[in-house]
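# Report on the structure
If you want the building blocks of each chain, they are given just below.
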Amino acid sequence: MKKSLLIAALLAGASLVFASAVGCGSKKNNSFVSDENKALPDSGPLFGDAGGCKGLQCNQKTCTGGADTTLTGTVYAPNGTLPLYNAIVYVPNATPDDLPVGATCDQCGAVTGEPLVTALTKSDGTFELKNMPSGKDIPLVIQIGKWRRQVTIPEVNECEENVVKDRELTRLPRNQKEGNMPHIALTTGSCDQLGCMLPKIGIDSSEYGTQADGPDKAVHIYAGSDFNMSWPAALTLWGNATKMKEYDMLILSCECNEALESKGGSSTSPAFAQMAEYLNSGGRIFTTDYQYTWYRYSADPNIKSATAIRGGAPPGGSPMTFDSSFPKGKALVEWLQKVGATPTPGQLTPDIVYANIMSVDPSKAQLWSTSGAPLPGPRLFTINTPVGVPADQQCGKGVHIDAHLNNSSDHVDVTFPAGCGSALRPGENLLAFFFFDLASCIQDDTQEPQAPVK
């Protein structure tokens, strides 16, 4: 009798539902709910101990005949249609920790919440969790860096494959009510409207605002030199390392020229030292075309020497060709094909390709793509920072694509995000891949990503 009561109590405890997620770098949202409307306190133990197992460990069964209890599915962007590579999927056995806000030095290989089983998604977004705990209302965490969502799988049947077909269960949060999102600063530029990718991947219109909104909005907009000055000027962001460190990542749209006036007036202005400090402290930046300035004029000699830049936006050959000789490069090629961004494996034709970058130092940066005449050379590189230290000591990352990804009439102005349209352009697919890769932990990109330690 006592044993039956104990098992019933354990199953009742395991049926608590994870609903809202805590994401690295955004508002705290750590409640557990039994349905969408009934919140439970987020204090006190979630799972109890009994004998030699704890909580959901007691629901992990040994199967016979080579069978296993598995859970398979696909992780998607917030829009529920774009599959995501290298997302962490796991079953927690305790409440995951709160996640820090702003630039942090994230280490790969560890997640919180005492995970029982973990997996990473493949290039097509699919995952397989083995040795799953069985039963009803099994919690599941989906995470990429400071994106995190906690959901509940209604039932897992033991000793068989369980397939999650409902995309609403395996997508990232659209807003901070559904889970956690990184804190993002977007600077505008009329030559390449990078911000239009954000609503297309499913981030709710309710999440766009300015610095005055604080953490209530996941995306803050700043005006570049050639844009709507009703938003705070971009110099108030990139001229202040403390302000930048409030954000997990910066998306810096092309301003149609080097626009040094928006960066303090010269190539030696303090903004370039502030940006280097942000990167070396764990910040992440995404740039295209003329925003190469953050590398060309960096106050950090290691960042500056990682590339040789001619500048001036001369035309480069198209299409871009990707290097699939290293694991993440191979995954990118497969992913672009999977999402239909290109009809030709290993190539992509963005709106415009440039030849600003002459060379990339392989000891300091990772080259992903090249293109040919009229000026052959590098077209996409990433830099992990601080440059020159071991990978496990690096904290920040920069991604630069020498192209325009949304050089269209979809201007990021007062109609944003309504005027952006819905379909991702070919270059925006490339932006989306690196947007989520930029959010993930820093690692040696030449190595195969590993699932976190349980």
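Our subject in this report is the structure included herewith. Just so you know, these numbers come straight off a predicted model, no measurement behind them.

The rules behind the values
- Residues numbered from 1 in each chain as written.
- Predicted model: local features only at pLDDT ≥ 70, side-chain atom pairs only at ≥ 80, totals over all residues.
- Heavy atoms only, no water.
- Core = buried A, V, L, I, M, F, W, Y, C linked by side-chain atoms within 4.5 Å.
- Buried < 20%, exposed > 50% of the residue type's maximum accessible area, 1.4 Å probe, protein only.
- Contact = heavy atoms within 4.5 Å.
- Pairing = 2+ DSSP bridges.
- Helix = DSSP H or I, 4+ residues; strand = E, 2+ residues; numbered from the N terminus.
- Axes fitted to C-alpha atoms, helices over the stretch in contact; angles between N-to-C directions.
- Disulfide = S-S within 2.5 Å.
- Phe/Tyr/Trp six-rings, centres within 6.5 Å; stacked < 30°, edge-to-face > 60°.
- Parallel < 35°, antiparallel > 145°, perpendicular 65-115°, else oblique.
- Left-handed = near helix turned anticlockwise from the far one by under 90°.
- Expected span 1.5 Å × (residues − 1).

## A look at the nonpolar core
The biggest cluster of nonpolar side chains holds 73 residues, and the ones touching the most others in it are Leu129, Leu430 and Phe435. Dropping the residues within four chain positions of it, Phe435 is found in contact with Trp147, Ile184, Met197, Leu198, Ile201, Met249 and Ile251. Judged by nonpolar contacts, the second largest core, of 35 residues, contains Cys191, Leu237, Ala271 and Tyr292.

## So, the sheet that holds strand β7 (residues 117-120)
What the four strands build is an open sheet, ordered β7-β6-β9-β10; its pairing is antiparallel. Each edge of the sheet is formed by a strand with only one pairing partner; in this case those strands are β7 and β10 (147-156). Across the sheet, the mean angle from the axis of one strand to that of its neighbour is 20°, orientation sign disregarded. Sheet topology places strand β9 (residues 135-144) next to β10; nine bridges connect them, and they run antiparallel. Bridging from a neighbouring strand, Pro139 pairs with Thr152 of β10.

## Looking at the state of the cysteines
By the definition in use, this model includes five disulfides. Each disulfide pairs two cysteine sulfurs, and for Cys63 the partner residue is Cys159, the sulfurs being separated by 2.1 Å. Every disulfide takes its handedness from the sign of the S-S torsion; for Cys63 and Cys159 that torsion is -95°, giving left-handed. Here Cys63, found in the loop between β4 (53-54) and β5 (70-74), pairs with Cys159, found in the loop between β10 and β11 (161-163); they are 96 residues apart in sequence, far enough to count as distant. Of all cysteine sulfurs in the structure, the one in Cys191 sits closest to Cys254, which takes part in no disulfide; the separation is 5.1 Å.

## Topic: the packing of aromatic side chains
If you walk through the whole model with that rule in mind, you get 14 aromatic pairs. With a centroid separation of 5.6 Å and an interplanar angle of 45°, the aromatic rings of Trp147 and Phe436 are classed as tilted. Pair noted here: Trp147 is in strand β10 and Phe436 is in helix α9 (residues 426-439), with a separation of 289 residues, a long-range link. When sorted by exposure, Trp147 lands in the same class as Phe436, which is buried. Ring centres of Tyr222 and Tyr247 lie 6.2 Å apart, and the angle between their planes is 85°; this geometry places the pair in the edge-to-face category. Of this pair, Tyr222 sits in strand β14 (residues 219-222) while Tyr247 sits in the loop between α4 (241-244) and β15 (249-252), and the two are 25 residues apart along the sequence.

## Side note on the packing of helix α8 (residues 327-338) against α9
Orientation of α8 relative to α9, taken along the N-to-C sense of each, is 135°, at an axis distance of 11 Å. The pairing of α8 with α9 is recorded here as oblique in orientation. Between α8 and α9 lies a crossing whose hand is right-handed. Between α8, through Lys328, Leu332, Trp335 and Leu336, and α9, the contact on the second element is made entirely by Asn429, Leu430, Ala432, Phe433, Phe434 and Asp437.

## Focus: α9
With 14 residues, α9 extends 21 Å between its outermost C-alpha atoms, agreeing within 8% with the 20 Å of an ideal straight helix rising 1.5 Å per residue. Counted residue by residue, α9 has 13 buried out of 14 residues, so it is predominantly covered.

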